[in-house]
Amino acid sequence: MENSLDQLKPSRLWYYFSEICKVPRPSKKEEKITSWLMAFASGHGLECIKDDCGNILIRKNASPGYEQRKTVILQSHMDMVCEKNSDTIHDFEMDPIQPFIDGEWVRARGTTLGADDGIGIAVALAILEAKDISHGPVEALFTIDEETGLTGAFGLKPGLLKGRVLINLDSEDEGQVFIGCAGGKDTVASLPLATEPTTEGHAAYIVSMTGLKGGHSGDDINKGLGNATKLLNRFLWNAAKDFGIRISSINAGNLRNAIAREGFAVAEVPVEHIKAFESAAEAFHHDLEGELHVTEPGLKFGVSPAPSAGTVWTKELQTNVLNAAYACPHGVLAMSREIPNFVETSTNLASVKEKDGKIYITTSQRSSVESSKKDAGDMVASVFRLAGADVEQSKGYPGWKPDPGSELLKLTVKSYKKLFGNDPEVLAIHAGLECGLIGAIYPGMDMVSFGPTIKGAHSPMERLHIPSVKKFWDLTLEVLKEL
């Protein structure tokens with residue numbers, strides 16, 4: 001049943017989430033949401049600062065009687081992952097997200113919902129607006145470009161924040177309080193695009209891998225999801241070996257921090273092998289259904305005739321790309337020896353794409369151990385260097401070391417038990433949170449992260465659990481009141 005978000009409670013929180021959905025906010029293009037936040041602050045008579053990096057800080061005075069309480073920072077990020085299904089027409093720089101209610105969940109039509117981290121922004125705004133909430137001084141920090149580079153957190157300067165207690169509103173599992181996170185880095189390989197004319201005796205086919213769930217390259221990396229980039233390449237590698245196909249193009253995966261949902265290639269198939277090629281595609285689809293039926297019930301794989309591009313990659317380029325993508329690791333590399341069932345190190349083969357005369361293969365690595373993060377990146381880099389590729393690695397970002405003795409943690413756990421009758425789980429997360437960078441800039445900052453339940457983040461399957469939002473709201477208010 002599809003309904004407006006207007007009926008949901010707390011009404012002002014959901015009002016602001018609905019309004020945020022109307023404001024385009026792709027990573028690195030946050031101008032519209034920045035202006036919108038500044039207008040909000042002006043309209044409510046609140047102090048607002050835009051720093052040199054583009055982050056927004058809004059300050060609100062303490063409620064009466066709470067002037068001597070600690071200043072609390074409510075931190076969230078402005079940008080969202082912009083992913084859509086291939087058959088969805090949507091311009092993330094211009095068009096609003098279209099949320100709707102689906103049972104106990106809020107979803108979006110054919111795109112990511114942006115609950116990561118739009119719901120965190122909405123909580124902060126509802127608190128900044130409210131006249132009937134008990135709290136000490138509040139600083140609401142809204143950072144830019146969390147999803148693609150942590151640019152806002154990297155750009156923070158000492159002295160901007162007055163508070164030394166921070167609640168990060170960017171977690172995705174209600175009932176869990178996070179006190180640590182993994183660090184990450186990107187490893188990108190490139191090879192010059194070298195082509196030659198298609199020869200006679202070939203027929204062009206489009207090869208499609210679709211219907212996968214996708215997901216967060218950190219939080220979902222251990223859930224057994226299919227990777228469209230890996231699976232498409234696996235078929236092409238075997239088809240090249242068995243039938244001598246030639247690749248005209250590959251466009252697989254998208255964002256570096258998302259598990260690839262879709263992949264497409266155009267291949268020239270020798271006419272004498274067409275029937276065998278089509279049969280092999282059917283058999284491969286059957287194999288994938290057998291391998292992934294539990295985690296990927298909607299997967300679709302197939303081939304169909306297509307117009308010829310007139311050119312194919314050279315044999316050397318094709319061999320190097322297919323071998324490197326096949327050899328490149330993807331998934332969990334190591335589990336923690338200290339925290340049960342916690343992924344310590346992983347890598348994500350995100351995409352293979354053509355751009356500006358080159359083939360780019362994009363990957364990302366995560367680890368809660370700095371040396372292991374470097375090792376994972378070097379492992380991936382070595383695979384691509386064996387294929388003759390140029391490799392560039394990002395500077396990366398640090399992890400957030402857990403502090404089990406945190407006073408804010410103790411208060412959060414106490415507040416959770418008071419409200420809901422049981423203790424929350426206290427965990428570290430195998431994803432990047434801005435807390436690591438903020439803690440490096442502001443040593444001694446006491447931090448926790450919690451949020452509602454969000455499933456399928458970074459994919460069009462993203463959905464926000466409505467009952468968990470109310471608990472997220474209640475916990476935030478209780479912690480603010482008790483600090």
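Residues numbered from 1 in each chain as written. Predicted model: local features only at pLDDT ≥ 70, side-chain atom pairs only at ≥ 80, totals over all residues. Heavy atoms only, no water.

S.K.: I'd like a description of the overall build of the protein, backed by residues and values.
M.R.: The helix and strand tally for the protein stands at eleven helices and 25 strands. For 483 residues, the compact-globule formula gives about 23 Å, and the C-alpha radius of gyration of the protein, at 24 Å, lands near that figure. Relative to its full complement of 483 residues, the protein shows a buried share of 58%. A fraction of 79% describes how many contacts in the protein between residues 6 or more apart in sequence connect residues 24 or more apart. In the form shown here, the protein has an accessible surface area of approximately 19,800 Å², with 51% of it arising from carbon and sulfur atoms. When the 50 positive and 64 negative side-chain charges of the protein are each reduced to one mean point, those points stand 4 Å apart. (Helix = DSSP H or I, 4+ residues; strand = E, 2+ residues; numbered from the N terminus. Rg over C-alpha atoms; globule rule 2.2 N^0.38 Å. Buried < 20%, exposed > 50% of the residue type's maximum accessible area, 1.4 Å probe, protein only. Contact = heavy atoms within 4.5 Å. Areas by Shrake-Rupley, 256 points an atom, 1.4 Å probe, with all protein chains shown as cover. Lys, Arg positive; Asp, Glu negative; His and termini not counted. Charge placed at Lys NZ, Arg CZ, Asp CG, Glu CD.)

S.K.: Can you tell me about unusual backbone geometry, naming the residues and giving the values?
M.R.: The peptide bond linking Lys-9 to Pro-10 adopts the cis configuration, its omega dihedral lying at 0°. At the junction of Asp-116 and Asp-117, the peptide bond is cis and its omega measures out at 5° in the coordinates. Among the secondary structure elements, Asp-117 is positioned in helix α3 (residues 115-129). Positive phi is not limited to glycine here, since Lys-28 has a value of about 70°. Its identity is not glycine, yet Asp-356 carries a phi of approximately 50°, on the positive side. Residue Asp-356 is classed as exposed on the basis of its relative accessible area of 69%.

S.K.: So what about the state of the cysteines? Which residues, and what values?
M.R.: Within the structure shown, the criterion is met by zero disulfides. Cysteine Cys-435 shares no disulfide, and the gap to the nearest cysteine sulfur, in Cys-181, comes to 6.5 Å. (Disulfide = S-S within 2.5 Å.)

S.K.: Any chance you could break down the environment of Thr-295 for me, citing the residues and the numbers?
M.R.: Note on placement: Thr-295 falls in the loop between α6 (274-292) and β16 (300-305). Along the sequence, Thr-295 and Leu-225 sit 70 residues apart, while their C-alpha atoms lie 5.8 Å from each other. In contact with Thr-295, not counting residues within four places along its chain, are Lys-213, Lys-223, Gly-224 and Leu-225.

S.K.: Tell me about the packing of aromatic side chains, and name the residues and values.
M.R.: One pass over the structure, following the stated rule, counts twelve aromatic pairs. Plain terms: the ring middles of Tyr-15 and Tyr-16 are 5.0 Å apart, the flat faces sit at 70° to each other, and that makes the pair edge-to-face. Judged by relative accessible area, Tyr-15 falls into the partly exposed class, the value being 36%. The exposure class of Tyr-16 is buried, given its relative accessible area of 4%. Through pairs of rings, three or more aromatic residues link up here, namely Tyr-205, Phe-235, Phe-243, Phe-277, Phe-284 and Phe-301. Its end group placed over the ring of Trp-105, Arg-463 keeps NZ or CZ at 5.1 Å from the ring centre. (Phe/Tyr/Trp six-rings, centres within 6.5 Å; stacked < 30°, edge-to-face > 60°. Lys NZ or Arg CZ within 6 Å of the ring centre and 35° of its normal.)

S.K.: Can you lay out helix α2 (residues 31-43) for me, pointing to particular residues and giving the numbers?
M.R.: An α-helical segment advances 3.6 residues per turn. Residues three or four places apart therefore align on the same side. Spanning 13 residues, α2 covers 18 Å between terminal C-alpha atoms, matching the ideal 18 Å at 1.5 Å per step. After α2 finishes, the residue Gly-45 shows a positive phi value of roughly 65°. (Expected span 1.5 Å × (residues − 1).)

S.K.: Residues and numbers for empty space enclosed by the protein, please.
M.R.: One pass over the structure, following the stated rule, counts four cavities of 30 Å³ or more. Space inside the largest cavity adds up to approximately 180 Å³. Taken together, 18 residues make up the lining of the largest cavity; nearest its centre are Glu-146, Glu-147, His-216, Ala-431 and Gly-432. Of the residues assigned to the lining of the largest cavity, the class counts are five nonpolar, five polar and eight charged. (1 Å grid on protein atoms, 1.4 Å probe; cavity = no way out; pocket = protein on both sides within 12 Å on 5 of 7 lines; lining within 4 Å. Points joined across faces, edges and corners; volume = space filled by probe spheres on them. Nonpolar A, V, L, I, M, F, W, Y, C, P; charged D, E, K, R; others polar.)

S.K.: Tell me about the packing of helix α5 (residues 228-243) against helix α7 (residues 315-327), and please be specific about residues and values.
M.R.: The geometry of α5 relative to α7 is characterised by a closest axis approach of 9 Å and an angle of 130° between their N-to-C directions. Judged on the interaxial angle alone, α7 and α5 are oblique. Where α5 crosses over α7, the handedness of that crossing is left-handed. Contacts between α5 and α7 pair Lys-230, Asn-233, Arg-234, Leu-236, Trp-237, Asn-238 and Ala-240 from the former with Gln-318, Val-321, Leu-322, Asn-323, Ala-325 and Tyr-326 from the latter. (Axes fitted to C-alpha atoms, helices over the stretch in contact; angles between N-to-C directions. Parallel < 35°, antiparallel > 145°, perpendicular 65-115°, else oblique. Left-handed = near helix turned anticlockwise from the far one by under 90°.)

S.K.: Help me get a handle on the nonpolar core, residues and values and all.
M.R.: Counting residues in each nonpolar core, the largest one holds 66 residues, and the members touching the most others are Trp-14, Phe-17, Val-106, Phe-142 and Leu-464. If you look at the next biggest cluster of nonpolar residues, it comprises 47 residues, including Ala-203, Trp-313, Ile-359 and Ala-387. (Core = buried A, V, L, I, M, F, W, Y, C linked by side-chain atoms within 4.5 Å.)

S.K.: Break down the pattern of salt bridges for me, citing the residues and quoting the values.
M.R.: Summed over all chains, the structure comprises 23 salt bridges. The shortest N-O distance in the salt bridge between Lys-471 and Glu-174 comes to 3.4 Å. Placement of the pair is Lys-471 in helix α11 (residues 466-482) and Glu-174 in the loop between β7 (165-168) and β8 (176-181), with a sequence separation of 297 residues. Classification of Lys-471 by relative accessible area gives partly exposed; the value is 27%. Here Glu-482 makes a salt bridge to Lys-418, at a shortest N to O gap of 3.9 Å. Highlighted residues: Glu-482 in helix α11 and Lys-418 in helix α9 (residues 407-420), separated in sequence by 64 residues. Of the residues examined, Glu-482 reaches a relative accessible area of 37% and is grouped as partly exposed. What makes Lys-418 exposed here is its relative accessible area of 56%. One salt-bridge network, held together by shared partners, links Lys-418, Glu-478, Lys-481 and Glu-482. (Salt bridge = Lys/Arg side-chain N within 4 Å of Asp/Glu carboxyl O.)

S.K.: Could you give an account of the sheet that holds strand β5 (residues 105-108), naming the residues involved and the relevant values?
M.R.: A sheet is described by the order of its strands in space; here four strands give the open sequence β4-β5-β25-β24, paired in antiparallel fashion. The sheet is open, and its two borders are formed by β4 (99-102) and β24 (454-455), each paired with just one other strand. The sheet contact formed by β4 and β5 spans four bridges and is antiparallel. Pairing of Pro-99 across the sheet is with Ala-108, part of β5. (Pairing = 2+ DSSP bridges.)

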